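A structural walkthrough
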Amino acid sequence: MNTPWRFAEDHYAGGQPTPAHLAELVREGVHTVINLRAPDEPTEYDEAAEAARLGLNYVSLPIAGAADLDRARVREFGQTLDDARREGGVLIHCASSNRVGAMIALDATLNRGCSLEAALKRGREAGLATLEPAVVALAEKEGARS
């Protein structure tokens, strides 16, 4: 578990948040949690119930690993992120933030037209690490501009 951090205005990334992290993020103006963890990944509490208790919108968009990085999921993630941004701040998390960074990078290049280089920089700021080769492969396959 790592403490969520702000990687862009009103955007936070991190590993699995604790209930205390969620409460703090509410005070920071976060209105939506996007959970990229797969349903079978263990957690110590019912995150969806805690988010509801705190008045947060909660979205589960499972990305188990590189095999789940595809154009359809990136499109869905982009739409989910757009919806969340209209509400206010957003926390995007997985277990370590690697998947968060991957989805941020892919969203930036495939949905928003950023160069792959700029998208990878954004992704790294949000936690992209070992999934970077998979991100590059998908972006190049989908015709992202370098």
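The following refers to the structure shown. (Residues numbered from 1 in each chain as written. Predicted model: local features only at pLDDT ≥ 70, side-chain atom pairs only at ≥ 80, totals over all residues. Heavy atoms only, no water.)

One finds L36, L69, F77 and I92 to be the most contacted residues of the largest nonpolar core, which totals 29 residues. Counting only elements with at least two residues in this core, the list comes to α3 (71–87), β5 (89–93), α4 (98–111), α5 (116–125) and α6 (132–141). The biggest single contributor to this core is α4, with 7 residues. Residues within four places of L36 in sequence aside, it is in contact with L61, P62, I63, F77, I92, H93, C94, R99, V100 and M103. Core analysis: the second largest hydrophobic core is formed by 9 residues, Y12, L25, V30 and Y45 among them. (Core = buried A, V, L, I, M, F, W, Y, C linked by side-chain atoms within 4.5 Å. Buried < 20%, exposed > 50% of the residue type's maximum accessible area, 1.4 Å probe, protein only. Helix = DSSP H or I, 4+ residues; strand = E, 2+ residues; numbered from the N terminus. Contact = heavy atoms within 4.5 Å.)

The next subject is the pattern of salt bridges. Pairs can form between side chains of opposite charge whenever their charged atoms are close. Tallied over the full model, the rule gives 13 salt bridges. One salt bridge connects R53 with E50, and the closest N-O pair in it is separated by 2.8 Å. Here R53 and its partner E50 are both found in helix α2 (residues 47–53), 3 residues apart, which amounts to about one turn of the helix. The shortest N-O distance in the salt bridge between K121 and E125 comes to 2.7 Å. You can see K121 and its partner E125 sitting in helix α5, 4 residues apart, about one turn around the helix. Through salt bridges with shared partners, one network takes in D82, R85, D107 and R112. (Salt bridge = Lys/Arg side-chain N within 4 Å of Asp/Glu carboxyl O.)

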